[in-house]
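# Report on the structure
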Amino acid sequence: MFGFARTVTDDGWLEYAEVTPRMLHTLQRIGPGGVIIADPDRCDYYATHARTLNHASYVPLIVYGYHDLVNDLIEYAEYGVRVWQVLADAVDHTAYECLEKRLQSMADTGFVVTRTRQHMQKLGFDLTSAPDYYPRCARPGALTSPSTAMVRDRYSDWINPSITVTVTSPLREQVGVLSLIKISDNGRHVTGWPKALRNQFIAAANTRRVREAVDAHLRSL
């Protein structure tokens with residue numbers, strides 16, 4: 001149903017691509033909602049706004065986002081005037097080394113996660129970081145225990161970019177693991193809730209609840 005950037009069997013299409021300091025500066029200028037995409041047609045990376053992405057027919061390969069940049073500029077501040085080049089090298093290395101893992105995770109992503117991204121975009125929320133794919137262990141700290149493949153998406157509100165919404169979900173809805181919504185304002189927790197998103201209709205209702213919770217918070221200010 002959805003087109004992916006590349007299948008996991010395609011190798012080497014980013015071998016000569018490079019994330020540059022100029023791309024990171026462009027990402028900074030774009031602001032909340034800015035993302036860097038790995039584009040198979042160009043065999044290169046480019047920076048754009050998440051609002052230009054069509055989640056209904058295409059699953060973009062986001063390798064970095066404005067939210068990631070803001071956090072990393074703080075972490076890499078010790079490099080001074082070299083920070084942009086050092087950070088670009090780190091992002092470039094990570095994007096290439098994690099390519100296969102990201103493509104596999106995208107291929108494994110269930111319909112509900114994709115639908116959630118579509119609904120969030122329609123309701124005025126922009127993806128603002130690279131999806132974070134990771135295993136959740138059944139017993140925290142027990143690396144040998146059974147695990148569930150998870151994805152963490154971060155969004156910013158179009159009109160009020162100080163609002164960040166974090167959606168953590170299992171890649172596959174059938175596993176019975178709860179999704180978790182967290183809403184923050186300038187880094188301060190506002191509200192959140194767990195939810196079992198077992199089909200696209202529940203996902204749609206849950207994203208409307210996010211919009212209502214954000215609007216209620218803004219009215220209370």
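So, here is what we can say about the structure in this document. Each chain carries its own residue numbering, running from 1 in the written order of its sequence. Given that the model is predicted, a residue must reach a pLDDT of at least 70 before its local features are reported, and side-chain atom pairs must reach 80 or more before they are shown or counted; all residues, however, enter totals for whole chains, interfaces and linings. Only hydrogens and water are set aside; all other atoms, that is, all heavy atoms of the structure, feed into the side-chain values.

### Some details on the sheet that holds strand β2 (residues 34–39)
Each strand in a sheet pairs with another by means of backbone hydrogen bonds, the pair being arranged parallel or else antiparallel. Think of it this way: DSSP has to see at least two bridges between two strands before they count as a pair. Secondary structure elements are defined from DSSP: runs of H or I of at least 4 residues count as helices, runs of E of at least 2 residues count as strands, and each element is numbered from the N terminus. Within the open sheet, the three strands sit side by side as β3-β2-β5. Their pairing is antiparallel. If you trace the sheet from one side to the other, it starts and ends with β3 (44–49) and β5 (62–65), each paired once. With direction set aside, neighbouring strand axes in the sheet form an average angle of 25°. Where β2 and β3 come together, six bridges link them in antiparallel fashion. Each residue of the ladder has a partner; that of Ile36, found in β3, is Ala47. An axis is simply a line fitted to the C-alpha atoms; with a helix, the fit covers only the stretch in contact. Between two such axes, the angle follows the N-to-C directions and lies from 0 to 180 degrees.

### Here we look at the packing of helix α1 (residues 21–30) against helix α2 (residues 66–75)
Any two packed helices are characterised by how steeply their axes cross, that is the angle between the axes, and by the distance between the axes. Their axes nearest at 9 Å, the elements α1 and α2 cross at an angle of 110°. Here α2 runs roughly perpendicular to α1, going by the angle between their axes. Only Tyr66, Leu69 and Leu73 of α2 make contact with α1, whose side of the interface consists of Leu24, Leu27 and Gln28. Split into classes, the residues belonging to the contact of α1 with α2 amount to five nonpolar, one polar and no charged. Working definition: roughly parallel below 35 degrees, roughly antiparallel above 145 degrees, roughly perpendicular at 65 to 115 degrees, and oblique for all remaining angles. Note on contacts: a residue pair is in contact if any heavy atoms of the two residues lie within 4.5 Å. Under the convention adopted here, Pro, Cys and the residues Ala, Val, Leu, Ile, Met, Phe, Trp and Tyr are nonpolar, Asp, Glu, Lys and Arg are charged, and Gly plus all remaining residues are polar.

### Observations concerning the side chain of Arg154
You can see Arg154 is positioned in strand β8 (residues 147–157). Burial here depends on accessible area, computed with a 1.4 Å probe over protein chains only, as a share of the maximum for the residue type. Under 20% is buried, over 50% is exposed, and the range in between is partly exposed. Two residue types count as positive, namely Lys and Arg, and two as negative, namely Asp and Glu; His and chain ends fall outside the count. Salt bridges are defined as contacts in which a side-chain nitrogen from Lys or Arg sits within 4 Å of a carboxyl oxygen from Asp or Glu. Asp68 provides the closest opposite charge to the buried, salt-bridge-free Arg154, at an N-O distance of 5.0 Å. A distance of 3.4 Å separates polar atoms of two side chains, one belonging to Arg154 and the other to His67. Setting aside residues no more than four positions away along its own chain, Arg154 makes contact with His67, Asp126, Leu127, Thr128, Ser129, Val165 and Thr166. Residues adjacent in sequence count toward polar contacts only when both atoms are side-chain atoms; beyond that, a polar contact is any pair of N or O atoms within 3.5 Å, and within protein one must be able to donate a hydrogen and the other to accept it.

### A word on the environment of Asp68
Considering the arrangement of structural elements, one finds Asp68 in helix α2. What makes Asp68 buried here is its relative accessible area of 15%. Along the chain, Asp68 and Tyr96 lie 28 residues apart, while their C-alpha atoms are 17 Å from each other. At 2.8 Å, the side chain of Asp68 forms a polar contact with the backbone nitrogen of Gly65.

### A short note on the pattern of salt bridges
Pairs can form between side chains of opposite charge once their charged atoms are near each other. Enumeration according to the criterion identifies six salt bridges in this entry. A salt bridge links Asp126 to Arg51, with the shortest nitrogen-to-oxygen separation between them at 2.9 Å. With Asp126 in strand β6 (residues 125–127) and Arg51 in the loop between β3 and β4 (58–59), this residue pair connects regions lying 75 residues apart in the sequence. Of the residues examined, Asp126 reaches a relative accessible area of 1% and is grouped as buried. A residue is classified by how much of its surface remains accessible, and Arg51, at 41% relative accessible area, is partly exposed. Here Asp132 ties to Arg152 by a salt bridge, and the two come within 2.6 Å at their closest N and O atoms. On the criterion of sequence distance, the pair formed by Asp132 in strand β7 (residues 132–137) and Arg152 in strand β8 is long-range, its members being 20 residues apart. Using a relative accessible area of 28% as the deciding quantity, one classes Asp132 as partly exposed. Each of the salt bridges in this network shares a partner with another, and the network as a whole consists of Asp157, Arg211 and Asp215.

### What to know about the state of the cysteines
Here a disulfide denotes one covalent bond, and it connects the sulfur atoms of two cysteines. Note that a disulfide, as used here, is simply two cysteine sulfur atoms within 2.5 Å. As enumerated under the stated definition, the model contains zero disulfides in all. You can see Cys43 has no disulfide; the closest cysteine sulfur is in Cys98, sitting 19 Å from it.

### Thoughts on the side chain of Ser184
Locating Ser184 in the fold gives a position in strand β10 (residues 179–185). For Ser184, the contacting residues outside a window of four places in its chain are Ser162, Ile163, Thr164, His189 and Val190.

### Topic: the packing of aromatic side chains
Here the aromatic set is Phe, Tyr and Trp, taking the six-membered ring for Trp, and pairing holds for ring centres within 6.5 Å; pairs whose planes are under 30 degrees apart are stacked, those over 60 apart are edge-to-face, and all others are tilted. Overall, the coordinates contain one aromatic pair when judged by the stated rule. Whether a charge sits over a ring comes down to the Lys NZ or Arg CZ being within 6 Å of the ring centre and within 35 degrees of the ring normal. In this arrangement the basic side chain of Arg51 is found over the ring face of Trp158, its NZ or CZ atom lying 4.1 Å from the centre.

### Examining the nonpolar core
Take the buried residues of types Ala, Val, Leu, Ile, Met, Phe, Trp, Tyr and Cys, join any two whose side-chain atoms come within 4.5 Å, and each joined set is a nonpolar core. Formed by 30 residues in total, the largest nonpolar core has its most connected members in Leu24, Ile36, Tyr45, Leu61, Val63 and Tyr64. Mapped by element, the contributors of at least two residues to this core are α1, β2, β5, α3 (83–97) and α4 (99–108). No other element matches α3, which puts seven residues into this core. In contact with Ile36, other than residues within four places in its own chain, are Val19, Met23, Leu24, Leu27, Tyr45, Tyr46, Ala47, Leu61, Ile62, Val63 and Tyr64. Formed by 20 residues, the second largest nonpolar core is a distinct cluster that contains Ile37, Tyr46, Tyr155 and Val210.

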